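The primary structure of each chain is shown beneath.
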Amino acid sequence: MAFFLLTNDDGVEAPALVPLAKALQRLGRVEVVVPDRERSWIGKAITRHDDIRVQVVERDGVQIHTATGYPADCTQLGVYSLFEEMPTMVISGINIGYNHGTAFVLSSGTVGAAVEGWISGVPAMAFSAGTIGDWSHWSRWVWSDDGVERWERLAALAVEIIESVLAAGGVQGADILSVNLPGDATAETPRRVTTVARVGYDPLFKRQSDGVFSHGFGGGIRHMGSLSGTDIEAAGDRV
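Bear in mind the structure is a predicted one, so any value in this text is a computation, not a measurement.

Draft legend 1. Quick look at the side chain of E31. Considering the arrangement of structural elements, one finds E31 in strand β2 (residues 28-35). In this structure E31 comes out as buried when scored by relative accessible area, which is 14%. At a separation of 3.2 Å, a polar atom in the side chain of E31 contacts the side chain of R29. When residues no more than four places from it in sequence are discounted, the contact partners of E31 are F3, F4, L5, L6, H65 and F83.

This is how it looks when you write it as structure tokens:
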């Protein structure tokens, strides 16, 4: 029986976590190990000097291991320390927001957790969901009760994609699959295999006072190549 390790970077309260865990159970055993709080934009950071504390909680009938560390820590613990066998596959997500383009792929805790699975010898897939348009409105909405149906639909779609990948022989031709789902995606939404756009982003921090800066990314993207055939172009085509 397949054994899936499910993690994320949005933490134990992430709205997609329980829907995806439940949907994934159709394919096999599922163990969930996630950060105990949001750990977005952390990449593949590993805890070096602090202890990591793990607790088991339950959300809507799903048992979840929470860890005080980062997403990649959760993968490490799930692969090597918490269970009697290694997982068949690491599944990370579903992230709130697209992880497309090099700047975000390299920064993403969601993708970082999948990378940690890959370097441990476990095939991995990272899932993200987003929208093109009013990000602030959308990001608030997906945490609300009105977003539940959407996450259940996207979770079912993610599992369908995982099942199709497994049926085709697993993660082939790449070490990790990063899947970006439009927020309104259904089983009928066309699927595209893309390259990762070569992009950077604008300054991330704004001065609050002398010597004090806070995260204030305005969404500006610097293009370092053509977007033709890339993940960013594919997302933009959904507008």
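Draft legend 2. Structural view of helix α4 (residues 109-119). By the criterion of burial, α4 is predominantly enclosed, with eight of the 11 residues buried. Where the residues of α4 are buried, they touch β1 (2-7), α2 (71-81), β5 (89-96), α3 (102-107), β6 (124-130) and β7 (176-182). The N-capping residue of α4, defined by a side-chain oxygen 3.0 Å from the backbone nitrogen of T110, is S108. Where α4 ends, the next residue or the one after it, G121, has phi of about 85°, a positive value.

Draft legend 3. The arrangement of the sheet that holds strand β4 (residues 62-67) in detail. Ordered in space as β3-β4-β2-β1-β5-β6-β7, the seven strands form an open sheet in which the pairing is mixed. Pairing within the sheet leaves two strands with one partner each, and these edge strands are β3 (54-59) and β7. Mean inter-strand twist for the sheet, computed between neighbouring axes without regard to direction, equals 25°. As paired elements, β1 and β2 share five bridges and run parallel to each other. By the bridge assignment for β2, L5 is matched with E31.

Draft legend 4. Inspection of the pairing of β6 at higher detail. Within β6, seven of the seven residues are buried, leaving the element largely enclosed by the surrounding structure. Burial along β6 is two-sided: the residues A124, A126, S128 and G130 and M125, F127 and A129 are all buried. One ladder, built from five bridges, connects β5 with β6; its direction is parallel. Within β6, the position partnered with N95 by the bridge is S128. Both β6 and β7 contribute to a ladder of seven bridges, which runs parallel. Among the inter-strand pairings, M125 is bridged to a residue of β7, identified as L177.

What counts and how
- Every residue gets a number counted from 1 within its own chain, in the order that chain's sequence is written.
- Thresholds applied to this predicted model are a pLDDT of at least 70 for local features of residues and 80 or more for the giving and counting of side-chain atom pairs; totals over whole chains, interfaces and linings are not thresholded and use all residues.
- With hydrogens and water stripped out, all remaining heavy atoms of the structure feed into the side-chain values.
- Here a strand is any run of E in DSSP of at least two residues, a helix any run of H or I of at least four, and the numbering for each starts at the N terminus.
- Note on exposure labels: buried denotes an accessible area under 20% of the residue type's maximum, exposed denotes more than 50%, and partly exposed covers the range between, all computed with a 1.4 Å probe on protein chains only.
- Pairing of N or O atoms within 3.5 Å defines a polar contact, subject to two protein rules: one partner must be a possible hydrogen donor and the other a possible acceptor, and residues neighboring in sequence count only if both atoms are side-chain atoms.
- Whether two residues are in contact is decided by their heavy atoms, any of which lying within 4.5 Å being enough.
- When DSSP locates at least two bridges between a pair of strands, those strands are taken to pair.
- Between the N-to-C directions of two axes lies an angle of 0 to 180 degrees, each axis being a line fitted to C-alpha atoms and, for a helix, fitted only over the stretch in contact.

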